[in-house]
Each structure stands twice: as structure tokens, then as C-alpha cells.
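So you can see what is in the structure, the chains are spelled out below.
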Amino acid sequence: MTNTDSDAPVHRISRVEDRDRLLAETLAHAEAHEAHYKVLPAGEPEHGRWKASLAAVLLVLAAWIALTPPRWVAGVEAPFPTAGERDRGLRAAIWMQASQVEVFRLREGRLPEHLSELPVQMPGLTLVRSNNRVFQIRGRLADGELLVFDSAQPSPAFEAAAPGLRAQGTP
Amino acid sequence: MTPPSPGRGGVTSGDVLLALASLALVAALAYPRTERALLWRTVAAAQADVETIRAAAAAFRDDAGGWPAPAEAGKVPAEMAARLPPGFSFESGSYTLEWSRWERVDPPDPADPEGVVQPPPGGFEPVLPPPADSEVQVPVETLGAVTVHASDERVLAALLERFGPSESFVRERSWTLVLPVGGGG
């Protein structure tokens, strides 16, 4: 039997000294590997800082886009109703409601006790009766401003706010 | 055997941070456009629904001589149902439709400085008792109205812009299109 195969069992390595030597070599080899992995390559710290900086820039960019998306990102703008449109809408609603009260008055010969007596109501409006004929319709804008339609002195601003409600051919 | 170079085969915290930041940027870029696209799709659907209701109401008015009877928000008016496309609903995921009728008296005489609507001939002051048969002829005009209720006020603003302030108005979380007596078809 020859001893050419290093992996084949050899009688002499079964000795205590050889086993200790081989164990020591193996441990040394493992420690060398461990030490090698623990050492960062020369460019790694720079790479880490570069990635962290880029990530921070991307995060800031993402936050900016999320909070105030520019038009090239969001597409066509979709605005909310303006204060002027809300004001005009409330005036139109008040005028429509006042027309309903007038119709009720002509039909019934009296003013309604509440707007709930009318067949249709605009939400958020209140009726205040001054006497059997004169009344007020009140409504508030989102900022708390009170708008009052007085049937005794109707402001043209209310009817002007709802031109589509005017009869055909009226000025 | 040569061990692999450190840092080449593994993932570092910098890599993870960079990947997360990239995902955040992609999401920030994609969300506004997607959300805006969904909004405009809702506006287009609401506009088409309003046009459908307006056409159905006008067809009913041409046949019956008056606007259909009103219905609660989200409910199809019975008199209008036959003139609407099959399966048409007044309830959408993003908005609710409502058909109503509003009445108005003849406009006041421009020569009247107070502009107050005058009582019918004979007057009713002092207060008259209500008519027994409710057949009093009052010069009343009836208007039709299509209302869109939506929680997203941008939908209402877009409808106001598309139909114009001469026909419609925004009130709280609703937009109303008024169909005049002689038009709207």
C-alpha cells in the first residue's frame, strides 16, 4: 500500500502529536479566514458613505414630491372650490330656498314655520320670520361669515349668483 | 483556497438604505399621478351621469310636460327610470346623485323698487286660510336640478368648471346643476 493519497488514512497521523498539530493548523487556518473577512477592503468606507448620501438625497426628493407634487409629476391640476365659488354657491342656495318660501307663501297664505315644511331644502340654512309676509333666510360660509337674505329688501347679489334659476327671457 | 473578497457577495446597510430610498422615490412619483388619474376618471364618470340624467329628465318633460318627481339622494326617480340606461345607478363609490324639483314664482316687476314678490290679485293680507282643495293657481315655474354629493370637493370644483357657473353652483359637499323651465334638454 502506498501513501500517495493524502486523504487516505495514514497510520502516523493517528499519533497524538500529529492530531494536535493538524488541529492547530486547522484552527489557525480558520482564524486567518475570520481575520480576512473582518478587514474592510480599501474602498468600502467610501462606498458606504456614497450610498448613504445618495439614499438621503433620494429620501428628501421623495418627501418633497409627496408633500408638494410638481405638475410634471401629478399631471393636470385639480383645484378645490375657491372662496368666491363657495360664496356664490351659498347665495344661490339661499335664493333657491327663498323662492321656495315665496311659493309656499303664495299657496298657503302664510309663511312656513320651518324650512322642513317645504318640499325641498338646502342643508345648513335657517328661516327667520319677521311677520306673516317678511322673512329672512340665513346661511354661513365656511369661515363663519353670515349671509342673510331679507325678503323685504332682497339684495340683487343673491339672484345674480344664480342666473340659471331666472326665468327665460328675464334680464 | 482563496477566500472571497469581503463586501462583494453580501448586502450592507448602505445597500438596504439605498433600496428603500429608491422605493420611496418611485412611490412618491407614482402616487400623485395615479391618484389624479382616478380623480379625473371620477369627474368624467360624474359628468357623464349628469348628462344622462339631464337627457332622461328632458325626454320625460317633453313627453309629460313637466319634470319628473324628485327622489332621495342615491335613488332613481321612478318616473325617470324607463328613460335611463339599464342598470344606471344614482349611487357610485365616489359620489351620490340626486334629482330634485325646485319652484319659483314669476320674477318681480322691475318697476317695483323693493323687488318683493307681490301677492296674487286680491291679496292675502291678513293671513288667508289655506285653500280647501289646494287648487289655487299660483304663477309658479318648476326647475329641475341634478345634485352630485361627493366628499372630494375637487370633483365638485371640476364639475362647476365644466358646466359653468351660469347653470350650476357648489354648496358645501355638493354641486347642483339647475335645469331651467325652457331649456336643459
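Data block above holds the structure.
Note that this is a predicted model, so its numbers are computed, not measured. (Residues numbered from 1 in each chain as written. Chains lettered and ligands numbered in written order. Predicted model: local features only at pLDDT ≥ 70, side-chain atom pairs only at ≥ 80, totals over all residues.)

(A) Molecular detail of the overall build of chain A. Within chain A, the secondary structure is distributed over five helices and three strands. For chain A, the N- to C-terminal ordering of α and β elements is α-α-α-α-β-β-β-α. Taking all 171 residues of chain A together, the buried fraction comes to 23%. A fraction of 45% describes how many contacts in chain A between residues 6 or more apart in sequence connect residues 24 or more apart. (Helix = DSSP H or I, 4+ residues; strand = E, 2+ residues; numbered from the N terminus. Buried ≥ 20, exposed ≤ 12 C-beta atoms within 10 Å, placed from the backbone. Contact = placed C-beta atoms within 7 Å.)

(B) Spotlight on the nonpolar core. Ile94 and Trp95 of chain A together with Ala57, Val148, Val155, Leu156 and Leu159 of chain B are the most contacted members of the largest nonpolar core, which has 50 residues in total. Considering each element in turn, this core owes the most residues, eight residues, to helix α4 (residues 83–108) of chain A. Discounting residues that sit within four places of it in the chain, Ile94 of chain A has contacts with Leu125, Ile137, Gly139, Leu147, Phe149 and Phe158 of chain A. In terms of nonpolar packing, the next biggest core, distinct from the first, is built from seven residues, Ala55, Ala62 and Ile65 of chain A together with Ala28 of chain B among them. (Core = buried A, V, L, I, M, F, W, Y, C linked by C-beta atoms within 7 Å.)

(C) View of the packing of helix α1 (residues 13–64) of chain B against helix α3 (residues 153–163) of chain B. Residues and elements named next belong to chain B. For the pair α1 and α3, the least separation of the axes is 10 Å and the interaxial angle reads 50 degrees. The angle between the axes of α1 and α3 places the two elements in the oblique class. Crossing hand, α1 versus α3: right-handed. In this structure, α1 contributes Leu39, Thr42, Val43, Ala46 and Gln47 to the contact, and α3 contributes Arg154, Val155, Ala158, Leu159 and Arg162. Here the contact of α1 with α3 is built from residues that sort into six nonpolar, two polar and two charged. (Axes fitted to C-alpha atoms, helices over the stretch in contact; angles between N-to-C directions. Parallel < 35°, antiparallel > 145°, perpendicular 65-115°, else oblique. Left-handed = near helix turned anticlockwise from the far one by under 90°. Nonpolar A, V, L, I, M, F, W, Y, C, P; charged D, E, K, R; others polar.)

(D) Quick look at the sheet that holds strand β1 (residues 95–105) of chain B. Spatially, four strands are ordered β1-β2-β4-β3 (chain B) in an open sheet, and the strand pairing comes out antiparallel. Edge positions in the sheet fall to β1 and β3 (168–171) of chain B, since each has one partner strand and no second. Across the sheet, the mean angle from the axis of one strand to that of its neighbour is 25 degrees, orientation sign disregarded. For β1 of chain B and strand β2 (residues 140–150) of chain B, the ladder comprises eleven bridges, and the chain directions are antiparallel. Looking at the pairing, Glu103 of chain B lines up with Thr142 of chain B of β2 of chain B. In the packing of α4 of chain A onto the sheet, the strands contacted are β1, β2 and β3 of chain B, and the crossing angle to β1 of chain B comes to about 50 degrees. (Pairing = 2+ DSSP bridges.)

(E) Quick look at the environment of Leu115 of chain A. Residues and elements named next belong to chain A. Inspection of the secondary structure assignment puts Leu115 in the loop between α4 and β1 (125–129). A count of 18 C-beta atoms within 10 Å places Leu115 in the partly exposed class. Setting aside chain neighbours within four positions, we find Leu115 in contact with Gln97, Gln121, Leu125 and Leu127.

(F) Structural context of the sheet that holds β1 of chain A. Residue and element names in this part refer to chain A. Ordered in space as β1-β2-β3, the three strands form an open sheet in which the pairing is antiparallel. Strands with a single pairing partner mark the edges of an open sheet, and in this sheet they are β1 and β3 (146–150). Neighbour-to-neighbour, the strand axes of the sheet open up by a mean angle of 20 degrees, direction not taken into account. One ladder, built from five bridges, connects strand β2 (residues 135–140) with β3; its direction is antiparallel. Paired with Ile137 across the two strands is Phe149, which belongs to β3. Of the strands in this sheet, β1, β2 and β3 touch α4, which is tilted by about 150 degrees from β2.

(G) Representation of the pairing of β2 of chain A. Residues Phe135, Ile137 and Gly139 of chain A point to one face of β2 of chain A and are all buried, whereas Gln136, Arg138 and Arg140 of chain A, pointing to the other face, are not buried. Hairpin connection of β2 of chain A to β3 of chain A: five residues between the antiparallel strands, including Gly144 of chain A at a positive phi of 95 degrees.

(H) Examining α4 of chain A more closely. All names here are of chain A. Look at α4: 37 Å from first C-alpha to last across 26 residues, which is about the 38 Å you get at 1.5 Å a residue. The buried fraction of α4 amounts to 19 of the 26 residues, a majority that puts the element mostly inside the structure. Positive phi appears at Gly109, one or two residues downstream of α4, with a value of about 75 degrees. (Expected span 1.5 Å × (residues − 1).)

(I) Seen up close, unusual backbone geometry. One non-glycine residue, Glu172 of chain B, adopts positive backbone phi at about 50 degrees. Among the secondary structure elements, Glu172 of chain B is positioned in the loop between β3 and β4 (174–179).

(J) Geometry of the pairing of β3 of chain B. Residues and elements named next belong to chain B. Residue alternation in β3 divides its side chains into two sets, Ser168 and Val170 and Phe169 and Arg171, and both sets are buried. Pairing of β3 with β4 involves four bridges; the strand directions are antiparallel. Residue pairing across strands places Val170 opposite Trp175, the latter belonging to β4.

(K) Molecular detail of the environment of Leu177 of chain B. Residue and element names in this part refer to chain B. Considering the arrangement of structural elements, one finds Leu177 in strand β4. By C-beta crowding, Leu177 is classed as buried, having 22 other C-beta atoms within 10 Å. On a C-alpha basis, the gap between Leu177 and Thr147 in space is 6.3 Å, while along the polypeptide they are 30 residues apart. Apart from the residues lying within four places of it in its own chain, the contact partners of Leu177 are Val50, Ala145, Val146, Phe163, Glu167 and Ser168.

Geometric descriptors of this kind do not, in isolation, establish any biological role.
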